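Single-letter residue listing:
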Amino acid sequence: MDFAEPEEHRALRAAVAGIAAKFGPRYYAERAAARRPCAELWQALGDAGFIGVNIPEEYGGGGGGLTELALVCEEIAAAGTPLLLLLVSAAISAEMISEFGTDEQRATWLPGLASGAVKMVFAITEPDAGSNTLRISTTARKDGTDWVLHGTKYYISGVDESEALLVVARTGQDERGARLSAFIVPADAAGLDKHLLPVDLLLPERQFTLHFDGVRV
């Protein structure tokens, strides 16, 4: 079996490494100490087309996959500038919308996620469940054409720098157990309360507790 990377992957690595090297670990450490987003690095990667390298070309992405996005993540981490939101916004949220979203959701969200102009965080962890989906207690019930969310999420990263959240909630029960669904919730939705969660980790991304009190989507 040949484990050698194809030339296009080597070129991708080199291009990303060249951008990240202009920032470096001191830049990242200063942002982490101040709890400030690495906005300049994010912008540089977005301008070069690397934020949305895994998003389909029809929505402004690079047309690659998670392998290509993993290479981007590896190279910025190797330069001392890892970006957590590249995982939750591009690897999780954009992938789920691309694979399972409606045509309207794809057209609305993917172009911004591809360019880096829009960020979306992933809200799954809860105080009494962690990321164990079998124990999630946040619910969403149908009310006319809307879904109404109630519950609490915990340790959600980067809410203050994101336009929306991809929220996992219980929507029913079947023979296999809880039925779960994912909802795109605008970060400024009515009924969504956000509370900064103090943590000892030195990260640019801030952590939040989220309370959903009748949030309609």
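To start, this report covers the structure provided alongside it.

How each quantity is defined
Numbering of residues begins from 1 in every chain and follows the order in which that chain's sequence is written. Per-residue local features of the predicted model are confined to residues with pLDDT of at least 70, and side-chain atom pairs are confined, for both listing and counting, to 80 or more; whole-chain, interface and lining totals are unaffected and use all residues. Processing note: side-chain calculations cover all non-hydrogen atoms of the structure and skip hydrogens and water entirely. For this document, the term salt bridge refers to a Lys or Arg side-chain nitrogen within 4 Å of an Asp or Glu carboxyl oxygen. Secondary structure is summarised from DSSP: a helix means a run of H or I of at least four residues, a strand means a run of E of at least two, and numbering begins at the N terminus for each. Per-residue accessibility, obtained with a 1.4 Å probe over protein chains only, is compared with the maximum for each type, and a residue is labelled buried under 20%, exposed over 50%, and partly exposed between these values. The criterion used for residue contact is that any of the two residues' heavy atoms lie within 4.5 Å. When two cysteine sulfur atoms lie within 2.5 Å, the pair is treated as a disulfide. Along the arc lie the directions from the helix axis toward the C-beta atoms. What counts as a ring pair is set by centres within 6.5 Å for rings of Phe, Tyr and Trp (its six-membered ring), and what kind of pair is set by the plane angle: stacked under 30 degrees, edge-to-face over 60, tilted for all other angles. Should the NZ of a Lys or the CZ of an Arg lie within 6 Å of a ring centre and within 35 degrees of the ring normal, that charge is described as sitting over the ring. An expected span of 1.5 Å times one less than the residue number is assigned to each helix.

A separate point is the pattern of salt bridges. Overall, the coordinates contain ten salt bridges when judged by the stated rule. The closest approach of N and O atoms between R13 and E5, which form a salt bridge, is 2.9 Å. Each of E5, R13, E74 and E75 takes part in salt bridges that share partners, so that together they form one network.

With that out of the way, let us pick up the side chain of T81. Secondary-structure assignment places T81 in the loop between α4 (66–78) and α5 (84–100). The class for T81 is buried, based on a relative accessible area of 0%. If near-sequence neighbours (up to four positions away) are discounted, T81 is found in contact with A20, F23, G24, P25, Y27, Y28, L41 and I76.

With the rule as written, the count across this model stands at zero disulfides. The cysteine C38 is free of any disulfide, with C73 supplying the nearest cysteine sulfur at 13 Å. Residue C38 is classed as buried on the basis of its relative accessible area, which comes to 5%. Using a relative accessible area of 16% as the deciding quantity, one classes C73 as buried.

Right, let's talk about unusual backbone geometry for a bit. Positive phi is not limited to glycine here, since R35 has a value of about 55°. Tracing the chain through its elements places R35 in the loop between α2 (24–34) and α3 (39–47). A positive phi angle, near 55°, is found at Y155, a position not held by glycine. Relative to the helices and strands, Y155 resides in strand β3 (residues 146–157). For Y155, a relative accessible area of 43% gives the class partly exposed.

So, on to α3. Listed as buried for α3 are L41, W42, L45 and G46. The buried side chains of α3 occupy one side of the element, clustering within an arc of 135° when seen end-on. For α3, the elements touching its buried residues are α1 (7–20), α2, α4, α5 and α6 (103–115). Within two residues after α3, G49 carries a phi angle of roughly 90°, on the positive side.

Now for the packing of aromatic side chains. Taken as a whole, this structure holds three aromatic pairs when the rule is applied. Taking the centre distance of 5.4 Å and the plane angle of 55° together, the rings of W147 and F183 count as tilted. Placement of the pair is W147 in strand β3 and F183 in strand β5 (residues 177–186), with a sequence separation of 36 residues. Take F183: its relative accessible area is 9%, and that puts it in the buried class. Over the ring of W42 we find K119, and its NZ or CZ is 4.6 Å from the ring centre.

Mapped onto the elements of the fold, F122 is located in strand β1 (residues 120–123). For the pair formed by F122 and L87, sequence separation is 35 residues and the distance between their alpha carbons is 9.4 Å. Apart from residues lying up to four places away in sequence, F122 is in contact with V88, I92, S93, M96, I156, L166 and V168.

Between the first and last C-alpha of α1 there are 20 Å, a value that for 14 residues agrees with the 20 Å anticipated at 1.5 Å per step. For α1, the full list of buried residues reads H9, L12, R13, V16, I19 and A20. Viewed along the axis of α1, the buried residues span an arc of 130°, placing them on a single side of the element. Facing away from the buried side of α1 by more than 90 degrees, the exposed set consists of E7 and A14. Against the buried residues of α1 lie α2, α3 and α4.

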